[in-house]
Amino acid sequence: MASTADFKNGLCLEMNNDIWSIVEFQHVKPGKGAAFVRTKFKSLTTGKTLDKTFNAGEKVTTARVEKRPHQYLYADDMGYNFMDTNNFEQIVIEEKLIPRPDLLKEGQLCEILIHDETETPLSVELPPFVELMITYTEPGIKGDTATNALKPATLETGATVMVPLFVEQDTLIKVDTRDGSYSERVK
């Protein structure tokens, strides 16, 4: 059990027969009346969001979840296959539990959020940035640099990312996995 004073982003709670993660919260103390906490939750099983208000000091049930390091192996018709780096057990994850599966590269390390009591995977956390090779992009046109112009580029995983005009084919780039955007060239 935890109280609303223990709230922090990423804390997992059990509510409504589901496991919810706190996305954001705000402690509000109005001039008149009792204090309360506004929270925004995201379901770890369905991905739905929920806004809920708690009275200050209210008790809630925390969920026991654990982040475990896994290595991405390959994808097949059953799902995405990962290997636990501690005991080398393989696990198959559904595509809906991975935020951006098109940015997964074989051999890449990820963290999988696992419910401790049932040993079921809840979600996959990719590293914040991944380094990928551009396999195809149109050549940039000189003189078209008056604005911050972008062009599409296909990566080695099959994902398409918008990159600046100066980036060429067979260039190693860093991609932000949170929104799938170009970050920088890798030297």
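Note that the structure is predicted; figures quoted are calculated from it, not measured.

A. Local environment of the overall build of the protein chain. A count of helices and strands for the protein chain gives 0 helices and 16 strands. A compact globule built from 187 residues would reach a C-alpha radius of gyration of about 16 Å, whereas the protein chain, at 21 Å, exceeds it by more than 25%. Counting only C-alpha atoms, the protein chain reaches 65 × 50 × 25 Å along its principal axes. Long-range pairs, those at least 24 residues apart, make up 45% of the contacts in the protein chain between residues at least 6 apart in sequence.

B. Seen up close, the sheet that holds strand 8 (residues 79-84). Pairing in this open sheet of 5 strands is antiparallel, and the strands run 9-8-7-10-11 from one edge to the other. Across the chains shown, the open sheet's two edge strands, defined by having one partner strand only, are strand 9 (90-93) and strand 11 (121-125). Taking each pair of neighbouring strands and ignoring which way they run, the sheet shows an average axis angle of 40°. Pairing analysis gives 6 bridges linking strand 7 (residues 65-76) to strand 8, with the strands arranged antiparallel. Its bridge partner being in strand 8, Gln71 is matched across the sheet by Met83.

C. Focus on the UniProt feature "domain: Translation elongation factor P/YeiP central" (unreviewed entry) in the protein chain. Per the UniProt record, "domain: Translation elongation factor P/YeiP central" (unreviewed entry) is annotated on residues 67-122. Along residues 67-122 one finds 0% helix and 52% strand; the C-alpha atoms at either end are 10 Å apart.

D. Up close: the sheet that holds strand 4 (residues 36-43). Pairing is antiparallel across the open sheet formed by 4 strands, whose spatial order is 2-3-4-5. The outermost strands of the open sheet, each flanked by one partner alone, are strand 2 (12-15) and strand 5 (49-55). Looking at each pair of strands side by side, their axes are set apart by 40° on average, direction ignored. Looking at chain direction, strand 2 and strand 3 (residues 18-28) are connected through 4 bridges and run antiparallel. Along strand 3, the bridge assignment pairs Cys12 with Ser21.

E. Seen up close, the domain arrangement of the protein chain. Each assigned domain of the protein chain is listed here: domain 1 (2-60), domain 2 (65-125) and domain 3 (129-185). Between the C-alpha centres of domain 1 and domain 2 the distance comes to 27 Å. Of the roughly 440 Å² buried between domain 1 and domain 2, counting both surfaces, carbon and sulfur atoms make up 68%. At the junction of domain 1 and domain 2, the tally comes to 0 salt bridges. Here domain 1 is connected to domain 2 by 0 residue pairs in polar contact (both at pLDDT 80 or more). Looking at the side of domain 1 that touches domain 2, its residues break down into 3 nonpolar, 1 polar and 1 charged.

Procedures and definitions
- Residues numbered from 1 in each chain as written.
- Predicted model: local features only at pLDDT ≥ 70, side-chain atom pairs only at ≥ 80, totals over all residues.
- Heavy atoms only, no water.
- Helix = DSSP H or I, 4+ residues; strand = E, 2+ residues; numbered from the N terminus.
- Rg over C-alpha atoms; globule rule 2.2 N^0.38 Å.
- Contact = heavy atoms within 4.5 Å.
- Pairing = 2+ DSSP bridges.
- Axes fitted to C-alpha atoms, helices over the stretch in contact; angles between N-to-C directions.
- UniProt positions renumbered as here; feature names shortened; annotations may be inferred.
- Domains from an automatic or database assignment.
- Buried area = accessible area lost by both parts, 1.4 Å probe.
- Salt bridge = Lys/Arg side-chain N within 4 Å of Asp/Glu carboxyl O.
- Polar contact = N/O pair within 3.5 Å; in protein donor to acceptor, adjacent residues only side chain to side chain.
- Nonpolar A, V, L, I, M, F, W, Y, C, P; charged D, E, K, R; others polar.

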